Amino acid sequence: MLITLFLSLLVSSVAATEKESALPRLTDTKSVEAFIDSAEVVVIGFLEGEEGHGYQELVEAAKRVDSVPVAICTEKEVWADYSLSSGTITLFRKADNHQENLSLDEAKKVETDGLLNFITINEVRYITEYNQVTAVGLFNSEVKAHLLLFANRGSKEYTELKERLGALAPQFTGKLLFVLINGAVKSNSRSLGYFGLKSKDLPRVGLYDSDSDMKWLLPEGEISTERVQEFCQSFLQGELKEVPQAGVEPKTEL
Ligand SMILES: *[C@@H]1O[C@H](CO)[C@@H](O)[C@H](O)[C@H]1NC(C)=O
(Lines give C-alpha, C1' and ligand atoms only; values in the text may rest on other atoms or scores of the structure.)
Protein backbone atom coordinates (compact mmCIF):
# COMPACT_ATOMS: atom_id res chain seq x y z
CA MET A 1 0.00 0.00 0.00
CA LEU A 2 2.71 2.43 1.04
CA ILE A 3 4.80 1.40 -1.90
CA THR A 4 1.96 2.08 -4.32
CA LEU A 5 1.43 5.47 -2.78
CA PHE A 6 5.11 6.24 -3.03
CA LEU A 7 5.24 5.10 -6.65
CA SER A 8 2.26 7.14 -7.65
CA LEU A 9 3.78 10.22 -5.98
CA LEU A 10 6.99 9.61 -7.85
CA VAL A 11 5.17 9.24 -11.16
CA SER A 12 3.12 12.36 -10.67
CA SER A 13 6.15 14.45 -9.72
CA VAL A 14 8.01 13.26 -12.83
CA ALA A 15 5.00 14.15 -14.96
CA ALA A 16 4.89 17.59 -13.34
CA THR A 17 8.53 18.40 -14.09
CA GLU A 18 8.15 17.23 -17.66
CA LYS A 19 5.22 19.51 -18.13
CA GLU A 20 7.04 22.50 -16.62
CA SER A 21 10.00 21.99 -18.89
CA ALA A 22 8.00 21.87 -22.12
CA LEU A 23 8.82 24.88 -24.25
CA PRO A 24 6.03 27.09 -25.64
CA ARG A 25 5.03 26.05 -29.17
CA LEU A 26 4.67 28.62 -31.90
CA THR A 27 2.51 27.37 -34.74
CA ASP A 28 2.25 30.27 -37.16
CA THR A 29 4.16 33.32 -38.31
CA LYS A 30 1.96 35.64 -36.30
CA SER A 31 2.78 33.92 -33.04
CA VAL A 32 6.49 33.81 -33.95
CA GLU A 33 6.42 37.57 -34.62
CA ALA A 34 4.62 38.21 -31.33
CA PHE A 35 7.15 36.10 -29.45
CA ILE A 36 10.10 37.91 -31.05
CA ASP A 37 8.52 41.21 -30.12
CA SER A 38 7.85 40.17 -26.52
CA ALA A 39 11.41 40.66 -25.20
CA GLU A 40 14.71 42.33 -26.07
CA VAL A 41 16.31 38.93 -26.70
CA VAL A 42 14.49 35.68 -27.48
CA VAL A 43 15.51 32.27 -28.76
CA ILE A 44 13.42 30.08 -31.04
CA GLY A 45 14.29 26.49 -31.87
CA PHE A 46 13.11 25.79 -35.40
CA LEU A 47 13.30 22.06 -34.82
CA GLU A 48 11.75 18.91 -36.24
CA GLY A 49 10.07 18.00 -32.97
CA GLU A 50 10.57 16.77 -29.44
CA GLU A 51 12.41 13.68 -30.60
CA GLY A 52 14.58 15.69 -32.95
CA HIS A 53 18.18 16.79 -32.81
CA GLY A 54 18.81 19.46 -30.18
CA TYR A 55 15.39 19.55 -28.53
CA GLN A 56 16.32 18.09 -25.14
CA GLU A 57 19.48 20.17 -25.02
CA LEU A 58 17.48 23.32 -25.76
CA VAL A 59 15.02 22.48 -22.98
CA GLU A 60 17.92 22.05 -20.55
CA ALA A 61 19.61 25.27 -21.68
CA ALA A 62 16.33 27.18 -21.38
CA LYS A 63 16.01 26.14 -17.74
CA ARG A 64 19.39 27.65 -17.01
CA VAL A 65 18.93 31.08 -18.61
CA ASP A 66 16.11 32.94 -16.92
CA SER A 67 16.66 36.17 -18.76
CA VAL A 68 15.94 34.89 -22.28
CA PRO A 69 12.54 33.40 -23.24
CA VAL A 70 12.82 30.27 -25.40
CA ALA A 71 10.17 28.72 -27.65
CA ILE A 72 9.97 26.10 -30.37
CA CYS A 73 8.50 26.10 -33.83
CA THR A 74 8.09 22.82 -35.71
CA GLU A 75 6.01 24.16 -38.61
CA LYS A 76 8.18 24.09 -41.74
CA GLU A 77 5.97 26.57 -43.60
CA VAL A 78 6.87 29.07 -40.87
CA TRP A 79 10.60 28.29 -41.12
CA ALA A 80 10.48 29.41 -44.74
CA ASP A 81 9.38 32.88 -43.65
CA TYR A 82 12.71 33.16 -41.84
CA SER A 83 14.63 31.68 -44.81
CA LEU A 84 15.53 28.62 -42.77
CA SER A 85 15.47 25.26 -44.51
CA SER A 86 16.82 22.95 -41.82
CA GLY A 87 16.86 22.68 -38.04
CA THR A 88 18.22 25.92 -36.61
CA ILE A 89 18.29 27.55 -33.20
CA THR A 90 17.95 31.26 -33.71
CA LEU A 91 18.42 34.18 -31.36
CA PHE A 92 16.55 37.38 -32.22
CA ARG A 93 17.48 40.63 -30.54
CA LYS A 94 16.34 44.20 -30.79
CA ALA A 95 19.38 46.25 -29.79
CA ASP A 96 20.94 45.86 -33.25
CA ASN A 97 18.07 44.13 -35.06
CA HIS A 98 20.08 40.98 -35.34
CA GLN A 99 19.22 37.36 -36.06
CA GLU A 100 21.98 34.94 -35.02
CA ASN A 101 21.60 31.37 -36.33
CA LEU A 102 23.00 28.14 -35.00
CA SER A 103 22.48 25.60 -37.73
CA LEU A 104 22.17 22.15 -36.21
CA ASP A 105 23.42 20.35 -39.29
CA GLU A 106 26.79 21.99 -39.13
CA ALA A 107 27.06 21.61 -35.39
CA LYS A 108 26.96 17.84 -35.52
CA LYS A 109 26.98 17.36 -31.80
CA VAL A 110 24.62 19.58 -29.84
CA GLU A 111 25.39 20.01 -26.18
CA THR A 112 23.55 21.94 -23.53
CA ASP A 113 26.69 23.86 -22.55
CA GLY A 114 27.28 24.83 -26.16
CA LEU A 115 23.73 26.15 -26.43
CA LEU A 116 24.14 28.05 -23.18
CA ASN A 117 27.27 29.70 -24.56
CA PHE A 118 25.48 30.55 -27.78
CA ILE A 119 22.71 32.27 -25.83
CA THR A 120 24.80 34.10 -23.24
CA ILE A 121 27.40 35.33 -25.72
CA ASN A 122 24.74 36.76 -28.01
CA GLU A 123 22.58 38.21 -25.26
CA VAL A 124 23.16 41.81 -26.31
CA ARG A 125 20.50 44.09 -24.86
CA TYR A 126 19.53 47.73 -25.13
CA ILE A 127 22.03 48.18 -22.33
CA THR A 128 24.41 45.26 -21.92
CA GLU A 129 26.54 44.67 -18.85
CA TYR A 130 30.10 44.20 -19.99
CA ASN A 131 31.97 41.04 -19.05
CA GLN A 132 34.19 38.49 -20.77
CA VAL A 133 31.18 36.65 -22.20
CA THR A 134 29.12 39.60 -23.45
CA ALA A 135 32.31 41.18 -24.86
CA VAL A 136 32.31 38.51 -27.57
CA GLY A 137 28.74 39.24 -28.64
CA LEU A 138 29.28 43.00 -28.47
CA PHE A 139 32.36 42.93 -30.66
CA ASN A 140 30.72 40.51 -33.13
CA SER A 141 27.87 42.93 -33.74
CA GLU A 142 27.76 44.89 -36.96
CA VAL A 143 27.28 47.97 -34.81
CA LYS A 144 30.81 49.10 -34.08
CA ALA A 145 30.28 52.11 -31.82
CA HIS A 146 29.56 51.80 -28.11
CA LEU A 147 28.06 54.31 -25.74
CA LEU A 148 29.60 53.42 -22.39
CA LEU A 149 28.15 54.03 -18.98
CA PHE A 150 30.83 53.66 -16.33
CA ALA A 151 29.26 53.24 -12.90
CA ASN A 152 30.03 51.40 -9.68
CA ARG A 153 27.57 48.64 -8.87
CA GLY A 154 26.25 49.28 -5.39
CA SER A 155 26.36 53.06 -5.76
CA LYS A 156 23.05 54.88 -5.55
CA GLU A 157 23.12 56.07 -9.17
CA TYR A 158 23.92 52.69 -10.71
CA THR A 159 20.40 51.37 -11.26
CA GLU A 160 18.88 54.74 -12.02
CA LEU A 161 21.45 55.55 -14.70
CA LYS A 162 21.22 52.06 -16.17
CA GLU A 163 17.47 52.48 -16.57
CA ARG A 164 17.75 56.02 -17.89
CA LEU A 165 20.23 55.14 -20.61
CA GLY A 166 18.53 51.82 -21.34
CA ALA A 167 15.40 53.82 -22.13
CA LEU A 168 17.37 56.07 -24.51
CA ALA A 169 19.08 53.20 -26.35
CA PRO A 170 16.16 52.19 -28.66
CA GLN A 171 16.50 55.57 -30.43
CA PHE A 172 19.97 54.52 -31.56
CA THR A 173 19.18 50.97 -32.70
CA GLY A 174 21.57 49.90 -35.42
CA LYS A 175 23.87 52.87 -34.77
CA LEU A 176 25.19 52.50 -31.23
CA LEU A 177 25.25 49.74 -28.63
CA PHE A 178 24.85 50.88 -25.04
CA VAL A 179 27.21 49.15 -22.63
CA LEU A 180 27.39 49.30 -18.85
CA ILE A 181 30.84 48.93 -17.33
CA ASN A 182 30.86 48.21 -13.63
CA GLY A 183 33.77 50.15 -12.18
CA ALA A 184 33.55 48.31 -8.88
CA VAL A 185 35.22 45.16 -10.21
CA LYS A 186 38.93 44.89 -10.76
CA SER A 187 38.58 43.14 -14.13
CA ASN A 188 37.19 46.36 -15.61
CA SER A 189 40.00 48.63 -14.44
CA ARG A 190 41.70 48.34 -17.84
CA SER A 191 38.60 49.61 -19.62
CA LEU A 192 38.46 52.51 -17.18
CA GLY A 193 42.16 53.22 -17.57
CA TYR A 194 41.76 53.35 -21.33
CA PHE A 195 39.53 56.37 -20.75
CA GLY A 196 41.85 57.82 -18.11
CA LEU A 197 39.31 57.01 -15.38
CA LYS A 198 39.46 55.46 -11.95
CA SER A 199 36.63 53.89 -10.00
CA LYS A 200 36.39 56.96 -7.74
CA ASP A 201 35.68 59.22 -10.76
CA LEU A 202 32.41 57.44 -11.62
CA PRO A 203 29.74 57.69 -12.84
CA ARG A 204 30.87 58.90 -16.26
CA VAL A 205 29.77 58.40 -19.83
CA GLY A 206 32.09 57.65 -22.75
CA LEU A 207 31.90 56.65 -26.36
CA TYR A 208 34.16 54.22 -28.20
CA ASP A 209 34.19 53.78 -31.95
CA SER A 210 36.02 50.60 -32.91
CA ASP A 211 36.05 51.49 -36.62
CA SER A 212 38.26 54.52 -36.04
CA ASP A 213 39.60 53.31 -32.67
CA MET A 214 38.69 56.69 -31.18
CA LYS A 215 37.18 57.42 -27.77
CA TRP A 216 35.66 60.37 -25.99
CA LEU A 217 34.21 61.25 -22.59
CA LEU A 218 31.09 63.25 -21.99
CA PRO A 219 32.35 66.21 -19.94
CA GLU A 220 31.68 65.92 -16.22
CA GLY A 221 28.29 66.97 -14.98
CA GLU A 222 24.80 65.58 -14.73
CA ILE A 223 24.21 62.43 -16.78
CA SER A 224 20.84 63.47 -18.11
CA THR A 225 18.97 61.89 -21.00
CA GLU A 226 19.33 65.13 -22.97
CA ARG A 227 23.09 65.41 -22.55
CA VAL A 228 23.72 61.78 -23.47
CA GLN A 229 21.37 62.06 -26.43
CA GLU A 230 23.26 65.11 -27.72
CA PHE A 231 26.57 63.35 -27.16
CA CYS A 232 25.40 60.38 -29.26
CA GLN A 233 24.08 62.67 -31.97
CA SER A 234 27.28 64.67 -32.18
CA PHE A 235 29.17 61.40 -32.66
CA LEU A 236 26.80 60.25 -35.41
CA GLN A 237 27.12 63.61 -37.14
CA GLY A 238 30.91 63.28 -37.09
CA GLU A 239 31.36 66.26 -34.77
CA LEU A 240 33.26 64.41 -32.05
CA LYS A 241 36.19 63.87 -34.41
CA GLU A 242 37.06 67.53 -33.76
CA VAL A 243 36.95 67.05 -29.99
CA PRO A 244 40.01 65.85 -27.98
CA GLN A 245 39.88 62.16 -27.16
CA ALA A 246 39.70 60.66 -23.70
CA GLY A 247 42.67 59.22 -21.87
CA VAL A 248 45.22 60.84 -24.18
CA GLU A 249 47.87 63.01 -22.60
CA PRO A 250 48.11 66.30 -24.47
CA LYS A 251 51.40 66.48 -26.36
CA THR A 252 53.72 68.99 -24.76
CA GLU A 253 55.52 71.16 -27.26
CA LEU A 254 59.17 71.56 -26.45
C1 LIG B 1 20.42 34.05 -40.10
O2 LIG B 1 19.62 33.49 -41.10
C3 LIG B 1 18.76 34.40 -41.79
C4 LIG B 1 17.98 33.59 -42.78
O5 LIG B 1 18.81 32.84 -43.63
C6 LIG B 1 19.60 35.47 -42.46
O7 LIG B 1 18.73 36.43 -43.05
C8 LIG B 1 20.48 36.15 -41.42
O9 LIG B 1 21.31 37.08 -42.04
C10 LIG B 1 21.32 35.10 -40.71
N11 LIG B 1 22.11 35.78 -39.68
C12 LIG B 1 23.45 35.84 -39.72
C13 LIG B 1 24.12 36.56 -38.62
O14 LIG B 1 24.11 35.33 -40.61
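Computed from a predicted model, the values in this text were never measured in an experiment.

A. View of the overall build of the protein chain. Each helix and strand in the protein chain was counted, giving 9 helices and 9 strands. A total of 254 residues make up the protein chain; the buried ones form 43% of that total. Residue pairs at least 24 apart in sequence account for 69% of intrachain contacts in the protein chain once pairs closer than 6 positions are excluded. Accessible surface for the protein chain amounts to roughly 14,400 Å². Of this, 52% is attributable to carbon and sulfur atoms.

B. Here's a closer look at the pattern of salt bridges. The final tally for this structure, using the stated rule, is 13 salt bridges. Ionic pairing is found between Arg93 and Asp96, a salt bridge with its closest N-O pair at 2.7 Å. Taken individually, Arg93 and Asp96 each receive the classification buried, so the pair is uniform in this respect. Salt bridges linked by common partners bring Glu40, Glu123 and Arg125 together as one network.

C. Looking closely at the sheet that holds strand β5 (residues 127–129). In spatial order, the strands read β5-β7-β6-β8-β9; together these 5 strands make up an open sheet with mixed pairing. The sheet terminates laterally at β5 and β9 (214–217), the two strands that pair on one side only. In this sheet, adjacent strand axes meet at a mean angle of 25° when their direction is disregarded. Bridge analysis of β5 against strand β7 (residues 177–182) gives 3 bridges, and the strand direction is parallel. Residue Thr128 lies in a different strand from β7, and its bridge partner there is Val179. Across the sheet, helix α6 (residues 132–140) lies against β5, β6 (145–151), β7 and β8 (204–209), angled at about 140° from β5, the strand it touches most. Relative to β8, helix α9 (residues 225–236) is tilted by about 15°, and along the sheet it contacts β6, β7, β8 and β9.

D. View of α9. Helix length check: α9 (12 residues) gives 16 Å between terminal C-alpha atoms against 16 Å at 1.5 Å per residue, within 8%. Restricting attention to buried positions, one finds in α9 the residues Val228, Phe231, Cys232, Ser234 and Phe235. Buried residues in α9, looked at end-on, bunch into an arc of 165°, giving them a common side. Packed against the buried residues of α9 are β6, α7 (157–168), β7, β8 and β9.

E. Geometry of the site of the ligand. Neighbouring the ligand are the residues Tyr82, Ser83, His98, Gln99 and Asn101. The contact in question runs from an oxygen atom of the ligand to an N or O atom on the backbone of Ser83, over 3.3 Å. When isolated, the ligand has an accessible area of 360 Å², and the protein chains bury 51% of it. The class makeup of the residues in the shell around the ligand is 1 nonpolar, 4 polar and no charged.

F. Local environment of the sheet that holds strand β4 (residues 98–103). On the basis of which strands lie adjacent, the open sheet formed by 4 strands has the order β2-β1-β3-β4 and mixed pairing. Looking along the sheet, the strands with just one partner apiece sit at the ends: β2 (70–73) and β4. Here the average twist between neighbouring strands, direction ignored, is 20°. Here helix α3 (residues 55–64) sits on the sheet in contact with β1 (41–46), β2 and β3 (88–93), set at roughly 160° to β2.

G. Examining α7 more closely. Here α7 spans 16 Å end to end across 12 residues, near enough to the 16 Å set by a 1.5 Å rise per residue. Regarding α7, the residues found buried are Tyr158, Leu161, Leu165, Gly166 and Leu168. Relative to the axis of α7, the buried residues are bounded by an arc of 155° and lie together on one face. Residues of α7 that are exposed and point more than 90 degrees away from the buried face comprise Glu163 and Ala167. Considering only its buried residues, α7 is in contact with β5, β6, β7, β8 and α9.

H. Inspection of the side chain of Asn152 at higher detail. Looking at the element boundaries, Asn152 is found in the loop between β6 and α7. At 3.3 Å, the side chain of Asn152 and the backbone nitrogen of Ala184 are in polar contact. For Asn152, the contacting residues outside a window of four places in its chain are Tyr158, Asn182, Gly183, Ala184, Ser199 and Leu202.

I. Region of interest: the pairing of β3. In terms of residue burial, β3 counts as a mostly covered element, since 6 of its 6 residues are buried. Pairing geometry for β1 and β3, over 6 bridges, is antiparallel. Among the inter-strand pairings, Ile44 is bridged to a residue of β3, identified as Thr90. By the bridge criterion, 6 bridges tie β3 to β4 in an arrangement that is antiparallel. Residue Thr88 lies in a different strand from β4, and its bridge partner there is Ser103. As consecutive antiparallel partners, β3 and β4 are separated by 4 residues, and within that stretch Asn97 has a phi angle of approximately 50°, a positive value.

How each quantity is defined
Numbers given to residues run from 1 along each chain, matching the order in which its sequence is written. With the structure being a predicted model, the display of local features is reserved for residues of pLDDT at least 70 and the display and counting of side-chain atom pairs for 80 or more, all residues being used for whole-chain, interface and lining totals. The basis for every side-chain value is the complete set of heavy atoms in the structure, and neither hydrogens nor water enter the calculation. Helical segments are the DSSP runs of H or I of at least four residues, strand segments are the runs of E of at least two, and each set is numbered from the N terminus. Exposure categories follow from relative accessible area, calculated using a 1.4 Å probe and restricted to protein chains: below 20% of the type maximum is buried, above 50% is exposed, and the middle band is partly exposed. The contact definition used throughout considers only heavy atoms, calling two residues in contact when any of these lie within 4.5 Å. The Shrake-Rupley method, run with a 1.4 Å probe sphere, supplies the accessible areas, and residue values consider only the shown protein chains as cover. Think of a salt bridge as a Lys or Arg side-chain nitrogen and an Asp or Glu carboxyl oxygen that are within 4 Å of each other. Strand pairing follows a simple DSSP-based rule, namely that at least 2 bridges must link the two strands. Only the stretch in contact is used when fitting a helix axis, every axis being a line fitted to C-alpha atoms; angles between N-to-C directions are given from 0 to 180 degrees. Multiplying 1.5 Å by the helix residue count minus one yields the expected span of that helix. This arc corresponds to the set of directions leading from the helix axis out to the C-beta atoms. For each residue, the test is whether any non-hydrogen atom lies within 4 Å of the molecule or strand; if one does, the residue is near. Under this definition, polar contacts are N or O atom pairs within 3.5 Å; protein pairs additionally need one hydrogen-donor-capable and one acceptor-capable atom, and for neighbouring residues in sequence, both atoms have to be side-chain atoms. Each residue gets one of three labels, nonpolar for Ala, Val, Leu, Ile, Met, Phe, Trp, Tyr, Cys and Pro, charged for Asp, Glu, Lys and Arg, and polar for the others, Gly among them.

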